[in-house]
Amino acid sequence: MFLFLIASGLSLIFGVLRVLNFAHGTFYMLGAYSAYQFVQWLGAGGGRFWIAALAAALAVAALGGVVERLLFRHLYGKEELYQLLFTYALVLILSDAAKMIWGTQQKSVSRPSALTGSFQVFGATVPHYNLFILLLGPAIALAVWFVLQRTRVGRFIRAAALDRETLGALGVNVDALYTWVFVIASFLGGLGGALISPMRATTPGMDTEIIVEAFVVVVIGGLGSFWGTFLGAIVYGQVLSFGILFFPRFSIFAVFALMAGVLIIRPWGLLGRPLK
Amino acid sequence: MARLGRLPWGLVLTIAALFVPAVGSRFYVFLANDIVIWALFATSLNLLVGVTGLVSFGHAAYFGIGAYTTGLLMKKLAVPFVLAFPAAALLAGGLALVFGFFCVRLTRIYFAMLTLAFAQIVWAICFKWNEVTGGEQGMPEIPYPDFDRLTALPLIGGWRTSEYFYFLTVILVGLCLWLLRRIVGSPFGRMLATIRENAERAEFIGVNVRRYELAAFVLAGAFAGLAGGLFGIFNRGVFPDFAYWTKSSEVLIMTLLGGMGTFYGPALGALVLILLNQQIVSYTEYWPFVLGVILVVLLFVFPGGLAGAAQTLARRLRRVRHA
């Protein structure tokens, strides 16, 4: 479910800005590292983890805003190659910066105290925290959907995805809007990273792994389609876990084969719309 | 100026490269070998990106397949290099034919995504198929080709195996680049450039655009396979990350750094990037950071790459002289 958090940001950026953001995985990683850092500063225990997670997501969102403002915006409308390589350059710079700051050692964050327990379901032990993430995913999905569908900003964002120039001609500040989209997407990525930090160890290299997974999710569901991403995350999870059950060694293979299959048959994804 | 341009630069450079062991130490031979192989890899990618205008984000797949093909044949089946090397092109090209068949049906960003997906499939197979590929551990100790007969010859007898291999690499890559150059300059290559400039118009004049794109895809894959085959031996081992997506972007960076608009640009990019890497690594461990910064500067200041920048400079100089 947390994969959905990351993939939804990626999908949002693609849907509106028409850019595939390789650096999104790096924002996710930075979210995890910042959460670790804030927990270190604030101390563990009580509700402090939540403050740290939120602060981390905000920090990443701010970074996303700066990057968009200073650099990224000059690449809109350029060739895909330049955009892809620019986001890849960001991956290189930011992940190395993370390595400079936090070193190559694994970092782990302890689970928030309210959710340290676990319970039994069908003979399996499920920590409370995992269940919480499981429920939080759909909650955030609903929240983002609500923002996109029911608020003024959301309407603008959807309009920008359809026709940027007309929206600009109608007096909307599209440049600022794009920055906000990037900020929101980075926030989602950073939040995903912060929330995953108690479940998985934070290490360098987690960014290049997750981004490929997020690509798979987004492509299966449909680039730029919100519910498509949700569906994609579910399909991805199912294929991966059932794949492991039936043919353990080739479950990763199955996932990429599924991605290729979707691209061949419906390049715009299960729930997406074809690009003009 | 004009007379300089008429020299067969490729041949001159190939011959010059052959003298590296005579003047440089063992380390330089190693470095030069690395550069020569990457130059071929980058040039093969340029056939797609620069000439045909197809942005592949999964070119490492064919490099990896080539490396595994040659490596497996030579190590496990003791097939001589003369057969194992072309086999890399055959298999990589064959795979490119299958993958390309689907890829050329898609456009732009979807094309890039599908090439990425296919490359990840190749990577996943190499990573997990322990019996054949050695899985995560890769496949160490790929043997060098058999140079025994050469040692008996006068003049060149008594060299180190790595030097023999370097000569072999230079000659083979020189041949491959010459072939690629012929391809780009041929009517077929011209048609690819037409497709890059305006695919719709090419379609109008009766060109089967997809078939041309597929042919370019297969050729690029086959040459990448050859580069991979050489690299596996040079590296003394083949590992799954040869096919990982970060390798694909590395070679894209080289292509871009050198300049996609020119034939030798990508090879120049390989040269500069590897030398730079080697220099910078001795100062700092944060090479990716530096590379990222270089890339950003490149994208914003020199989108034509080094070769593109040099051309612009030359044109300006000429204008100054005429004025």
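Residues numbered from 1 in each chain as written. Chains lettered and ligands numbered in written order. Predicted model: local features only at pLDDT ≥ 70, side-chain atom pairs only at ≥ 80, totals over all residues.

Asks: How should I be thinking about the overall build of chain A in this particular structure?
Replies: The secondary structure content of chain A amounts to 11 helices and 2 strands. Counting across all 276 residues of chain A, residues that qualify as buried make up 46%. Sequence separation of at least 24 residues holds for 75% of the intrachain contacts in chain A that already meet a minimum separation of 6. (Helix = DSSP H or I, 4+ residues; strand = E, 2+ residues; numbered from the N terminus. Buried ≥ 20, exposed ≤ 12 C-beta atoms within 10 Å, placed from the backbone. Contact = placed C-beta atoms within 7 Å.)

Asks: How should the overall build of chain B be read in this particular structure?
Replies: Summing up its helical and strand segments, chain B has 17 helices and 2 strands in all. A fraction of 77% describes how many contacts in chain B between residues 6 or more apart in sequence connect residues 24 or more apart.

Asks: Sorry if this is basic, but what is going on with helix H11 (residues 187–197) of chain B here?
Replies: Two residues of an α-helix separated by three or four positions point the same way, owing to the 3.6 residues in each turn. All names here are of chain B. Along H11, the positions that sit buried rather than exposed are Gly189, Leu192 and Ile195. Relative to the axis of H11, the buried residues are bounded by an arc of 110° and lie together on one face. Structural note: H11 exposes Pro187, Arg190 and Glu197 on the side pointing more than 90 degrees away from its buried face. Packed against the buried residues of H11 are helix H4 (26–52), helix H10 (161–185), helix H12 (199–204) and helix H13 (209–234). (Arc of directions from axis to C-beta.)

Asks: Which parts of the structure should I look at to understand the interface of chain B and chain A?
Replies: Size of an interface, as often reported, equals the accessible area lost when the parts are brought together. On the side of chain A, 31 residues touch chain B, which itself brings 35 residues to the contact. Elements with a contribution of two residues or more to the side of chain B that touches chain A: helix H7 (108–128), helix H14 (245–258) and helix H16 (287–301) of chain B. If you tally residues by element for the side of chain B that touches chain A, the top one is H7 of chain B, at 13 residues.

Asks: What's the story with the packing of helix H2 (residues 24–42) of chain A against helix H3 (residues 48–70) of chain A in this structure? I'm lost.
Replies: Angle between the axes and distance between the axes are the two parameters that describe a pair of packed helices. Residues and elements named next belong to chain A. Contact pair H2 / H3: the axes reach a minimum separation of 8 Å and the direction vectors enclose 135°. One element, H2, and the other, H3, form an angle in the oblique class. When you trace H2 past H3, the crossing you get is right-handed. On H3, the residues touching Phe27, Leu30, Gly31, Ser34, Ala35, Phe38, Val39 and Leu42 of H2 are Arg48, Phe49, Ile51, Ala52, Ala53, Ala55, Ala56, Ala57, Ala59, Val60, Leu63 and Gly64. Tallied by class, residues from the contact of H2 with H3 come to 16 nonpolar, 3 polar and 1 charged. (Axes fitted to C-alpha atoms, helices over the stretch in contact; angles between N-to-C directions. Parallel < 35°, antiparallel > 145°, perpendicular 65-115°, else oblique. Left-handed = near helix turned anticlockwise from the far one by under 90°. Nonpolar A, V, L, I, M, F, W, Y, C, P; charged D, E, K, R; others polar.)

Asks: Would you mind going over the nonpolar core with me for this structure?
Replies: The nonpolar side chains of soluble globular proteins are, as a tendency, buried together. Counting 193 residues, the largest nonpolar core has Leu85 and Met259 of chain A as its most contacted members. With sequence-adjacent residues up to four places away left out, Met259 of chain A is seen in contact with Val216, Val219 and Ile220 of chain A together with Ala117 of chain B. (Core = buried A, V, L, I, M, F, W, Y, C linked by C-beta atoms within 7 Å.)

Asks: How do you make sense of the environment of Tyr178 of chain A when you look at a structure like this?
Replies: Residues and elements named next belong to chain A. Along the chain, Tyr178 turns up in helix H8 (residues 174–196). Residue Tyr178 is classed as buried on the basis of its C-beta count, with 22 C-beta atoms lying within 10 Å. Sequence spacing of Tyr178 and Leu12 is 166 residues, and the spatial spacing of their C-alpha atoms is 11 Å. Discounting residues that sit within four places of it in the chain, Tyr178 has contacts with Leu17, Glu68 and Arg73.

Asks: Explain the confidence of the model for chain B here, please?
Replies: Should the pLDDT be low somewhere, the predicted coordinates at that spot are not to be read in detail. All names here are of chain B. Per-residue confidence for chain B averages 79 on the pLDDT scale, and 89% of its residues sit at or above 70. Across chain B, element-level confidence peaks in H13 with a mean pLDDT of 86 and bottoms out in helix H1 (residues 2–6) with 52. Per the prediction output, this complex has pTM 0.79; the corresponding ipTM is 0.74. (pLDDT = per-residue confidence, 0-100.)

Asks: How should I be thinking about helix H4 (residues 80–102) of chain A in this particular structure?
Replies: Here H4 of chain A is 23 residues long and its end C-alpha atoms lie 32 Å apart, about the 33 Å a rise of 1.5 Å per residue gives. Residue Gly103 of chain A follows H4 of chain A closely and has a positive phi angle near 75°. (Expected span 1.5 Å × (residues − 1).)

Asks: Would you mind going over the environment of Gly305 of chain B with me for this structure?
Replies: Residue and element names in this part refer to chain B. Turning to its location among the elements, Gly305 is positioned in helix H17 (residues 305–322). Overall, the presence of 25 C-beta atoms within 10 Å leaves Gly305 in the buried class. In this structure the C-alpha to C-alpha distance between Gly305 and Ser282, which are 23 residues apart in sequence, comes to 25 Å. Residues in contact with Gly305, not counting those within four places in the same chain, are Leu256, Leu257, Gly258, Gly259, Met260, Gly265 and Gly269.

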